[in-house]
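# Fold and contact review
Here is how the chains run, residue by residue.
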Amino acid sequence: MNRREFIETSAAAAGAAILGLQNQTLARAIGIQVGAVSFLDEGTDKVLDTLVELGAIDTIFLATFTYGRGIGGRQVRGSPLPDHGKQEYDDNYHGGNFATPHAQFYKGTSIAPQKAPDHPDYDVIADVLPRAHKRGMKVICWYEDVFRKDVPGIDKAFEVDVHGKPAARVCYRNPNTLHFWLGLTEDYLRSYPVDGLMFGSERQGPLNTAIGASHGGGASPATVGCFCPHCLAAARKDGINADRARQGYLALEKWIDGMKGGQRPVDGAFVTFWRILVEYPEVLAWERLWNEGLRDTYRAMYRTAHEIAPDKPMGWHIWHTNSFAPFYRAEQDYQAFSAYSDFLKVVMYHNSGGPRMARYIHNVNATLFADLTPDQTTAFTYRIQQYGDEAPLDKLPTAGLSADYVRRETTRAVAGVGTSKTRIWPGIEIDVPTGENEKKTTPEDVYGAVKATFEAGAHGIILSRKYSEMKLDNLRAAGRAIRESGRSGR
Ligand SMILES: [Zn+2]
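First, a word on scope: everything that follows refers to the structure included in this document. (Residues numbered from 1 in each chain as written. Predicted model: local features only at pLDDT ≥ 70, side-chain atom pairs only at ≥ 80, totals over all residues. Heavy atoms only, no water.)

### Focus on the coordination of the zinc ion
Put simply, a metal with four donors set out as a tetrahedron has ideal angles of 109.5 degrees, and one with six donors set out as an octahedron has ideal angles of 90 or 180 degrees. What counts is decided by this rule: Keep in mind that water is not among the atoms, so a site may look incomplete; donors are the N, O and S atoms within 2.8 Å of the metal, or 3.2 Å for Na, K and Ca. Under the classification used here, a metal with four donors is tetrahedral if each angle lies between 85 and 135 degrees, square planar if opposite donors are over 155 degrees apart and the others between 65 and 115, a six-donor metal meeting that same test is octahedral, and anything else is irregular.
Around the zinc ion, the protein contributes the donor atoms Cys 171 (SG), Cys 226 (SG), Cys 228 (SG) and Cys 231 (SG), which lie 2.2 to 2.3 Å from the metal centre. In this structure, the zinc ion is coordinated by four donor atoms arranged in tetrahedral fashion, with angles at the metal of 101 to 114°.

As structure tokens, this is what we get:
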């Protein structure tokens, strides 16, 4: 060890000691994500007993705040209801805070802390926490950046897009947004003896959004942000010319709209894109600025959480786009994350990963990689994402991704955090909904993915996305693999 390493290691050790991070509670989680409706539908004791018995679970990642359907509510319509829970779709799902918001923590924000009206007399933490603790299980609050547009006061937190119009999502630099997340963090830790926190944001910066570099809805250059007064001030402070950034994004929009209309740039798609980047390097600076806004939020939440509860872990859900897009992946630097993360739930959904990867490939094949064929884009993506031979594009939606993908992603994540305190608890899927003729989860592929996770050195696991969409046989397969891996005392 040289002097610099010694100083860094000593400083990290001192920091960890101050924060109480040597606590054994951080070492491992055999977790599963569960939402309020499952406890109400099936009975809290019964759900907890089932999770221990079938899944060898020791930690509940309780969906405590979301307006989305990914982690809240029952199975979504269009996918069959699983073999447990109420056999009825909840189309009128609303979402919000599934515990009880305490008003004193939200004084610094315009965003109303709404109790989810789905279960008005029910507080999911108050119900689950004592029963879980009685069984020796831990409970981690799991909250995510998914709002409805009609939340009172949220309009005062929206981004401003490249055309100067309010966008549909909150700006991380807006104080109303920051103080909402800090308030919620404080509320959970001060109001309940929970065992930790996990937060997730499935969003990316303006450049990636413009070119459609995700498995979502495709290129959306007109909606990119953020050009609100808070972001303009941050740009000034960093010496970034916001007008030049705006012009660069408008040039990107013209390039993408032209290709959507069937025009092929004379010099090809890629060269034209690169020309915009070198002409307007502010485009990249704006992408970084946006990400710094998100990372500042993570850092502030982490600081707040540890001021209140030094020995309770706080970690982050890393969006599935990380598996498909090298652009987003470049911004998820696990080593950098380790400065403000006790654990990372890196999403490695192998089954829905097939159709999602196919959608990502079609998205970028219409913009940045329009010079390539879809099959060439697929081969290129597999190589730069460091995957083996996954299915060819036409088979991907029905084949899914393999256990080898899970193994490679786990290995990369464990190596990424290195010797830091940060634990890797991969998010492994069970029955994430896919389209009608697309691959469905089987016990064999769950078993293979869970085995691969532990063989690659993961420190824990989080079965995802929510118990209310999982088939019991698939959960049982996960439990079998966890027990065989010797990772659970259950
Ligand atoms: Zn902004």
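There is more to say, and it comes next.
### Let's talk about the nonpolar core
If you look at soluble globular proteins, the nonpolar side chains tend to sit buried side by side. Here is the rule we go by: Among the buried residues, those of types Ala, Val, Leu, Ile, Met, Phe, Trp, Tyr and Cys that are joined through side-chain atoms within 4.5 Å form a nonpolar core. Only protein chains enter the calculation, and the probe is 1.4 Å; a residue is then buried if its accessible area is under 20% of its type maximum, exposed if over 50%, and partly exposed in between. The numbering of helices and of strands both runs from the N terminus, where a helix is a DSSP run of H or I of at least 4 residues and a strand a run of E of at least 2. Here a residue-residue contact requires only that any non-hydrogen atoms of the pair lie within 4.5 Å.
Residues Ile 60 and Leu 463 are the most contacted members of the largest nonpolar core, which totals 133 residues. With 10 residues, the single largest contributor to this core is helix 10 (residues 282-308). Here Ile 60 is in contact with Ile 32, Val 34, Phe 39, Leu 48, Leu 51, Met 137, Lys 138, Val 139 and Ile 140, once residues within four sequence places are set aside. The next biggest cluster of nonpolar side chains, apart from the first, holds 10 residues, and it includes Ala 29, Ile 71, Trp 142 and Phe 343.

### Examining the packing of helix 5 (residues 175-191) against helix 10
Convention followed: Lines fitted to C-alpha atoms define the axes here, with helix axes fitted over just the stretch in contact, and angles between the N-to-C directions of these axes take values from 0 to 180 degrees. If an angle is under 35 degrees, it is roughly parallel; if it is over 145, roughly antiparallel; if it lies from 65 to 115, roughly perpendicular; otherwise it is oblique. By definition, turning the near helix anticlockwise from the far helix through less than a right angle yields a left-handed crossing, and turning it clockwise yields a right-handed one. Put simply, Ala, Val, Leu, Ile, Met, Phe, Trp, Tyr, Cys and Pro go in the nonpolar bin, Asp, Glu, Lys and Arg in the charged bin, and everything else, Gly too, in the polar bin.
Running from N to C, helix 5 and helix 10 cross one another at 25°; their axes reach a closest spacing of 10 Å. By the criterion of interaxial angle, the relationship of helix 5 to helix 10 is roughly parallel. Crossing handedness for the pair helix 5 and helix 10: right-handed. Here Leu 178, Trp 181, Leu 182, Thr 185, Glu 186, Leu 189 and Arg 190 of helix 5 come into contact with helix 10, specifically with Thr 297, Ala 300, Met 301, Thr 304, Ala 305 and Ile 308. Residue composition of the contact of helix 5 with helix 10, grouped by class: eight nonpolar, three polar and two charged.

### A closer look at helix 7 (residues 229-238)
Going by this rule: What the arc measures is the spread of directions leading from the helix axis to the C-beta atoms.
Listed in full, the buried residues belonging to helix 7 are Cys 231, Ala 234 and Ala 235. Projected down its long axis, helix 7 carries its buried residues within an arc of 100°, all on one side. In helix 7, those exposed residues whose orientation departs by more than 90 degrees from the buried face are Pro 229, Arg 236 and Lys 237. Against the buried residues of helix 7 lie helix 10. Once helix 7 ends, the next one or two residues include Gly 239, with phi positive near 70°.

### So, the packing of helix 7 against helix 10
Packing of helix 7 against helix 10 leaves a shortest axis separation of 11 Å and a crossing angle of 115°. Classified by chirality, the crossing of helix 10 by helix 7 is right-handed. For the pair formed by helix 7 and helix 10, the contact residues are Cys 231, Leu 232, Ala 234, Ala 235 and Asp 238 on the first element and Trp 286, Arg 288 and Leu 289 on the second. Of the residues in the contact of helix 7 with helix 10, the class split is six nonpolar, no polar and two charged.

### Here we look at a nonpolar patch on the surface
Convention followed: Only residues whose relative accessible area exceeds 30% and that take part in no salt bridge are eligible for patches, with like-charged residues grouped when within 9 Å of each other and nonpolar side chains (Val, Leu, Ile, Met, Phe, Trp, Tyr) grouped when within 5 Å. Computed by Shrake-Rupley with a 1.4 Å probe, the accessible areas treat only the displayed protein chains as cover when residues are assessed. Salt bridges are defined by distance alone: a side-chain nitrogen of Lys or Arg within 4 Å of a carboxyl oxygen of Asp or Glu.
A cluster of nonpolar residues, Phe 270, Val 271, Trp 274 and Val 278, forms a patch on the protein surface that exposes about 380 Å² of accessible area. Inspection of the secondary structure puts Val 271 in helix 9 (residues 269-279).

### A word on unusual backbone geometry
Of note, the bond from Gly 225 into Cys 226 is cis; its omega dihedral lies within 30 degrees of zero at 0°. By the element assignment, Cys 226 lies in the loop between helix 6 (206-211) and helix 7. At Ala 56, a position not held by glycine, the phi torsion is positive, near 55°. A residue is classified by how much of its surface remains accessible, and Ala 56, at 0% relative accessible area, is buried.

### Points about the pairing of strand 12 (residues 461-464)
Heads up, the rule is: When DSSP locates at least two bridges between a pair of strands, those strands are taken to pair. Handedness of a crossover is defined as follows: with both strands directed away from the viewer, a clockwise route from the first strand across the helix to the second makes it right-handed.
In strand 12, alternate side chains face the same way, and those of Ile 461 and Leu 463 on one face and Ile 462 and Ser 464 on the other are all buried. Sheet topology note: the strand 1 (residues 30-35)/strand 12 ladder contains three bridges and is parallel. In the strand pairing of strand 12, Gly 31 is matched with Ile 462. Of the pairings in the sheet, the one linking strand 11 (residues 427-429) to strand 12 comprises three bridges and is parallel in character. Across the sheet, residue Glu 429 finds its bridge partner in strand 12, namely Ser 464. Crossover handedness for the path strand 11 to helix 18 (residues 443-455) to strand 12: right-handed.

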